[in-house]
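Single-letter residue listing:
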Amino acid sequence: MTEASAVPQKLLLFRLAGNRLSALGTLKIREIMPIQRLTQIPHSHPAVMGTMNFRGSAVPVIDMAAAVGYPALDAEARKTASIIVTDIQRQEIGFLVRSVDRIVEANWKQVQAPPRALGDQAFITGLLQIDNDLVQLMDVELLLARVYPESMRAKPSQLTDLERETLREQRILMVDDSQVARRQLAEALDRENIPYEVTGNGQTALDKIVAANQEQSPVNILVSDIEMPGMDGYELTFHLRDDRSMHQPYVILHTSLNSEMSVSYAQQVGANEALTKFDAEELLHAMLRGAGRSTTVSEQA
């Protein structure tokens, strides 16, 4: 590889309230459909409208506007609303939105991180200018954590004492732009008393890895999200693999996407593994595979 390939991302634009456009990556989307007959779920979150039948399975439908703090869609608005059926973190979820606009192509390098002034409760992971419109990329991981908090809790792993000690000897760096994902990653390692570093964007992660290499205390295992503003996980991996002088970490790309395309491209840029979020035991065993092999993988670059 001599230069990083641009990784265009198709985004579905839609509206929740007013004229502000929001977006989801199309790799997360299974289908877009009109409002369906819904079955109510007793004692569910107020934003959960019920379940619908989708290809033989009962799929929960969430009013996305209500889930992120806007007024819920009223009966009149629901008549022309759409349901976006997604496949996120190993589960199918339907999101009711006021209207679907269009699909556009963008690049993650054009996506800006949200201003810090928005705080930790903003349901967006990035901002993108499209045709004079400022588009908000929705943080569905944070949304699901609010609606289904029990599903975000890391399950206990089954590591042996030897496996724990093996990982404690590794220098581990984790990078994800989602605060929910960072918390899940941290809890999985904290539970096992395994030290790690964590950051929220690809450029900071690359800077840390370069500095660690110069200090002769290199990062052994990198766990990175794929979809991130600025430098995404693909480009981060490419930069690492393209520098043959650098001590090469074992790269695990960790994504909410259930997509063969994302796995295929992860392999092309030189990642060792690509995993779908979030299974703590699966992730820890991937780290063990990284700890158990040679860290010199420059031939894969």
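Basis of the calculations
- Residues numbered from 1 in each chain as written.
- Predicted model: local features only at pLDDT ≥ 70, side-chain atom pairs only at ≥ 80, totals over all residues.
- Heavy atoms only, no water.
- Buried < 20%, exposed > 50% of the residue type's maximum accessible area, 1.4 Å probe, protein only.
- Helix = DSSP H or I, 4+ residues; strand = E, 2+ residues; numbered from the N terminus.
- Polar contact = N/O pair within 3.5 Å; in protein donor to acceptor, adjacent residues only side chain to side chain.
- Core = buried A, V, L, I, M, F, W, Y, C linked by side-chain atoms within 4.5 Å.
- Contact = heavy atoms within 4.5 Å.
- Axes fitted to C-alpha atoms, helices over the stretch in contact; angles between N-to-C directions.
- Parallel < 35°, antiparallel > 145°, perpendicular 65-115°, else oblique.
- Left-handed = near helix turned anticlockwise from the far one by under 90°.
- Nonpolar A, V, L, I, M, F, W, Y, C, P; charged D, E, K, R; others polar.
- Salt bridge = Lys/Arg side-chain N within 4 Å of Asp/Glu carboxyl O.

Report on helix α7 (residues 233-242), specifying residues and quantitative values.
Counting buried positions over the 10 residues of α7 gives eight, a clear majority of the element. Among the residues of α7, those classed as buried are Gly 233, Tyr 234, Glu 235, Leu 236, Thr 237, Phe 238, Leu 240 and Arg 241. At the N-terminal boundary of α7, the capping side chain belongs to Asp 232, with an oxygen 3.1 Å from the backbone nitrogen of Tyr 234.

Could you give me a rundown of the nonpolar core, with the residues and numbers involved?
Residues Ile 62, Met 64, Phe 95, Met 138 and Leu 143 are the most contacted members of the largest nonpolar core, which totals 29 residues. Every element with two or more residues in this core is listed here: β1 (8-15), α1 (64-67), β6 (82-88), β7 (91-97), β9 (124-130) and α3 (140-147). Broken down by element, the residue count for this core peaks at six residues, all from α3. Contacts of Phe 95, omitting those with residues within four sequence positions, involve Ile 62, Met 64, Ser 82, Ile 83, Ile 84, Thr 86, Ile 88, Val 140, Leu 143 and Leu 144.

Quick rundown of the packing of helix α5 (residues 179-190) against helix α9 (residues 280-291)? Include the residues and the values.
One way to put it is that α5 packs onto α9 with a least axis distance of 10 Å and a crossing angle of 70 degrees. Taken together, the axes of α5 and α9 lie roughly perpendicular to each other. Here α5 runs over α9; the crossing is right-handed. Across the interface between the two elements, Leu 185, Ala 188 and Leu 189 from α5 touch Ala 280, Leu 283, Leu 284 and Met 287 from α9. Considered class by class, the residues forming the contact of α5 with α9 number seven nonpolar, no polar and no charged.

A description of the environment of Thr 237 should follow, citing residues and the corresponding values.
Tracing the chain through its elements places Thr 237 in helix α7. Thr 237 gets classed as buried once you look at its relative accessible area, which sits at 0%. A distance of 2.8 Å separates a polar atom in the side chain of Thr 237 from the backbone oxygen of Gly 233.

Could you give an account of the pattern of salt bridges, with specific residues and numbers?
Enumeration over the complete set of coordinates arrives at 16 salt bridges. Across the pair Glu 105 and Lys 10 runs a salt bridge, and its minimum N-O distance is 3.1 Å. With Glu 105 in strand β8 (residues 99-107) and Lys 10 in strand β1, this residue pair connects regions lying 95 residues apart in the sequence. A salt bridge links Glu 92 to Arg 30, with the shortest nitrogen-to-oxygen separation between them at 2.3 Å. Highlighted residues: Glu 92 in strand β7 and Arg 30 in strand β3 (residues 29-34), separated in sequence by 62 residues. Several salt bridges share partner residues, and in doing so they unite Arg 15, Asp 101, Arg 102 and Asp 131 into one network.

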